Amino acid sequence: MASPETPEGKEKPAERPLIMRYAARSDVGRIRSKNDDSAYVGRHLAVVADGMGGHAGGDVASASTVLDMIHLDHDDYPDGAETVLADEIQTANSLLSELVHQNPKLSGMGTTVTALLLEDRKLHFAHIGDSRAYRLRNKKFEQVSVDHTFVQRLIDEGRLRPEEAETHPHKNVLMRVLGDVDASPELDLDVLDVEPGERWLLCSDGLNYVAGHVVERMVRETKDLRECAEILVDLTLEAGAPDNVTVVMLEIVEETDDDVNTAAVDVVPAAALAAVDEPEPVTASKSPDGPSATRKAEDADSAEKAKAALAADAGSSFSAGDPSKEVDESAESSKASSEPPTTTDPHLGEHLSAEVLREELASRPHELVGAAATAAETGSIPTVAGRTVARRAATVLTHKAEQDRVDVEEPARRRIRWLMPAVAAVVVVGVVVGLWLGYAWTQTRYYVGEYDQRVAIFNGISQRLGPIQLSRLEAVTDIRVDSLPEYGQQSVRQTVPAGDLDDAQTIVENLKNTGSASANCPTSTPATPTPSPTSSVPVPSTAAVATPSPVPTPCEAAK
């Protein structure tokens, strides 16, 4: 690195401010269908976010959080930056809740955040989730962040060994995260002294599939930051890459006069440069040198650029000055590239557009990767009301490609959503009708049983369906059960079924007259005796034939 110039009249050079040299790469991996990771890195800010929330929410959460923080990439903090990162991350958390409120399909989305903010000779650190921050300083490589995971808590409590964490079935369960589940998430915050030459690695948990000692060796031995980031991602892909992987490599160095022209990456596409250099009716305050001017000149007029771009976008749905101009956000996002009319509405600062975001990104060297980069490129950046130009933040509801695919799948999803409740309703109705018909049939039946030690007639059947008794008392007779013969008592206590009420009354009459429930029992009229030989009649000489005794019937036994 070239030595800084020494101003005339001084024996030694003034202390140069520190900046970040950087490189970043993000990859969707071998398994996932979309990239839910987002990352931004510039001269003074580095952020990695790993989103979660399935088809609709993961990329939205990470991209909106990262894009909401890019305006922090500067070193002009007159009151200090001690609480800047914490405040901004808490605000991003509130923003995610607002997005879920506007679009309930995003419910449950969240994101991790690991961020560094370089201010003078201090490095402000903020972290939540399981993305990681590593530091290589004075030949010592260490993990600065702590994973907010279930297995890490078990390790801290001594209930799990570190080597067992990688195979634990709940290794990906997060205990702390940004999202709509916690209005005030707990962040890990620190302010670290920084030295020129120290290196940092920020990464999503997708890099965990590369062994720790391999990661350390690559950071130590690979001098070129770009090459190091590429190697780490390639190693992850070779290991199977079941998750998205994002890597940000940065090194703390002293700023030089040519840092604007020697940034680690191509910071602004040619099309964006052309758009910035185009004359606009309300951009008189723009620097005539454009993006090739010095860093201080760019930072000084970046706010004016944002205001000018916002004024140029006044005709869009992001304008709050004229309620009659409010239109559907998704329809307006497709018009972001058109040239809208200019205006000087003083309330334009309440909303933000893709053009403002592009102006913000064009004002400084940086690298943006992952879902946030896709959002910035496509211009699908609807915003939440109340976001001011001073913060120059942007939020992403969905990417255009994802939005188109969701629109195509929506009819099928609606059919599926209605099919299951319809089937369930039919089943429930069938069960209810069947139970009702069964109960109605039971109420056409009767039986004779015991009630309060007396013979009684019941309507229904002598059964229970859970707590429901399927019979009711119809009538109680004056016949005591214990006055019946033993056979009749058993019949009554075991209940005697009857086809209808008349049949039941006949059974009661039989019990009263004969002591038996049988309807075929003879009445009490004595049977006509059959003639039989008596002892006074002489028996013929032939052998006497014994007459067998008749077997008594149940009725006779009861008598």
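Okay, so let's go over this structure. Bear in mind the structure is a predicted one, so any value in this text is a computation, not a measurement. (Residues numbered from 1 in each chain as written. Predicted model: local features only at pLDDT ≥ 70, side-chain atom pairs only at ≥ 80, totals over all residues. Heavy atoms only, no water.)

**What to know about the overall build of the chain**
The helix and strand inventory of the chain stands at 15 helices and 17 strands. Considering only intrachain contacts with a sequence separation of at least 6, the fraction spanning at least 24 residues in the chain is 70%. Here the chain has roughly 29200 Å² of accessible surface; of this, 54% comes from carbon and sulfur atoms. (Helix = DSSP H or I, 4+ residues; strand = E, 2+ residues; numbered from the N terminus. Contact = heavy atoms within 4.5 Å. Areas by Shrake-Rupley, 256 points an atom, 1.4 Å probe, with all protein chains shown as cover.)

**Describing unusual backbone geometry**
A positive phi angle is found at aspartate 452, which is not glycine, with a value near 55°. With respect to the element layout, aspartate 452 can be found in the loop between strand S14 (446-451) and strand S15 (454-465). For aspartate 452, a relative accessible area of 61% translates into the label exposed. Unlike most non-glycine residues, glutamine 453 shows phi in positive territory, near 65°. Along the polypeptide, glutamine 453 turns up in the loop between S14 and S15. The exposure class of glutamine 453 is partly exposed, given its relative accessible area of 47%. (Buried < 20%, exposed > 50% of the residue type's maximum accessible area, 1.4 Å probe, protein only.)

**With respect to the packing of helix H5 (residues 212-221) against helix H6 (residues 225-238)**
Contact geometry of H5 with H6 gives a least axis separation of 9 Å together with a crossing angle of 160°. On the basis of the axis angle, H5 is roughly antiparallel to H6. Once H5 is placed against H6, the crossing between them reads as right-handed. Packed against H5, whose contacting residues are Val214, Val215, Met218 and Val219, the element H6 presents Cys228, Ile231, Leu232 and Leu235 at the interface. Each residue belonging to the contact of H5 with H6 can be placed in one class, and the counts come to eight nonpolar, no polar and no charged. (Axes fitted to C-alpha atoms, helices over the stretch in contact; angles between N-to-C directions. Parallel < 35°, antiparallel > 145°, perpendicular 65-115°, else oblique. Left-handed = near helix turned anticlockwise from the far one by under 90°. Nonpolar A, V, L, I, M, F, W, Y, C, P; charged D, E, K, R; others polar.)

**Re the packing of aromatic side chains**
Pairs of aromatic rings are described using the distance from one ring centre to the other and the angle between the two planes. Throughout the structure, instances matching the rule amount to two aromatic pairs. Ring geometry for tyrosine 134 against phenylalanine 141: centres 5.4 Å apart, planes inclined by 10°, an arrangement best described as stacked. In terms of burial, tyrosine 134 and phenylalanine 141 fall into one category: buried. Relative to phenylalanine 458, the ring of tyrosine 447 has its centre 4.9 Å away and its plane inclined at 10°; by these criteria the two rings are stacked. Within this pair, whereas tyrosine 447 is found in strand S14, its partner phenylalanine 458 is found in strand S15, the two being separated by 11 residues in sequence. Using a relative accessible area of 8% as the deciding quantity, one classes tyrosine 447 as buried. (Phe/Tyr/Trp six-rings, centres within 6.5 Å; stacked < 30°, edge-to-face > 60°.)

**Examining helix H2 (residues 84-102)**
The terminal C-alpha atoms of H2 lie 27 Å apart, and with 19 residues this matches the ideal 27 Å at 1.5 Å per residue to within 8%. Of the residues making up H2, those classed as buried are Val84, Leu85, Ala86, Glu88, Ile89, Ala92, Asn93, Leu95, Leu96, Leu99 and Val100. (Expected span 1.5 Å × (residues − 1).)

**Topic: the pattern of salt bridges**
Going through the model one piece at a time under the given rule, you end up with 24 salt bridges. When the shortest N-O distance is used, the salt bridge between arginine 32 and aspartate 243 registers 3.3 Å. Placement of the pair is arginine 32 in the loop between strand S1 (18-27) and strand S2 (37-42) and aspartate 243 in the loop between H6 and strand S12 (245-254), with a sequence separation of 211 residues. We classify aspartate 243 as buried; its relative accessible area is 10%. Between glutamate 142 and lysine 140 there is a salt bridge; the shortest N-O distance is 3.9 Å. We classify glutamate 142 as partly exposed; its relative accessible area is 24%. Each of Arg25, Asp27, Glu230 and Asp234 takes part in a single network of salt bridges with overlapping partners. (Salt bridge = Lys/Arg side-chain N within 4 Å of Asp/Glu carboxyl O.)

**Remarks on the nonpolar core**
Nonpolar side chains in soluble globular proteins tend to end up buried together. Membership of the largest hydrophobic core comes to 39 residues, with the highest contact counts inside it found for Met69, Leu72, Leu85, Met109, Val113, Leu117 and Leu368. Among the secondary structure elements, those contributing two or more residues to this core are strand S3 (45-52), helix H1 (54-67), H2, strand S5 (113-119), strand S6 (122-128), helix H10 (354-362) and helix H11 (371-378). For this core, the element with the highest residue contribution is H2, accounting for eight residues. The residues contacting methionine 69, other than those within four sequence positions of it, are Leu45, Val47, Leu85, Glu88, Ile89, Val113 and Ala115. Formed by 22 residues, the second largest nonpolar core is a distinct cluster that contains Tyr134, Cys203, Leu225 and Val233. (Core = buried A, V, L, I, M, F, W, Y, C linked by side-chain atoms within 4.5 Å.)

**Concerning the sheet that holds S15**
Neighbouring strands of a sheet are bound in pairs by backbone hydrogen bonds; such pairs are parallel or else antiparallel. On the basis of which strands lie adjacent, the open sheet formed by four strands has the order S16-S15-S14-S17 and antiparallel pairing. A strand with exactly one partner marks an edge of an open sheet, and here the two such strands are strand S16 (468-480) and strand S17 (496-498). Averaged over all neighbouring strand pairs, the angle between strand axes comes to 40°, with direction disregarded. Summarising the sheet, S14 and S17 pair through three bridges and their orientation is antiparallel. Bridge pairing links valine 448 to valine 496 in S17. Contacts from helix H13 (residues 486-493) reach S14, S15 and S17, with the element oriented near 110° to S14. (Pairing = 2+ DSSP bridges.)

**Details of the sheet that holds strand S7 (residues 132-137)**
Pairing within the open sheet is antiparallel, and its five strands lie in the order S1-S12-S11-S7-S8. The open sheet terminates on both sides in strands that have one partner only, identified here as S1 and strand S8 (140-143). Each strand axis lies, on average, 15° off the axis of its neighbour in the sheet, ignoring direction. As paired strands, S7 and S8 are joined by four bridges and run antiparallel to one another. Its bridge partner lying in S8, arginine 137 is registered against lysine 140. Contacting S1, strand S11 (199-203) and S12, H6 runs over the sheet at an angle of about 25° to S1.

**A look at a nonpolar patch on the surface**
Together, Leu419, Val423, Val427, Val431, Leu435, Leu465 and Ile468 give the surface a local cluster of nonpolar side chains, amounting to about 640 Å² of exposed area. With five residues, helix H12 (residues 400-442) is the largest single contributor of residues to the nonpolar patch. Tracing the sequence through the fold places valine 423 in helix H12. (Patch = residues over 30% accessible without salt bridge, like charges linked within 9 Å, V, L, I, M, F, W, Y side chains within 5 Å.)

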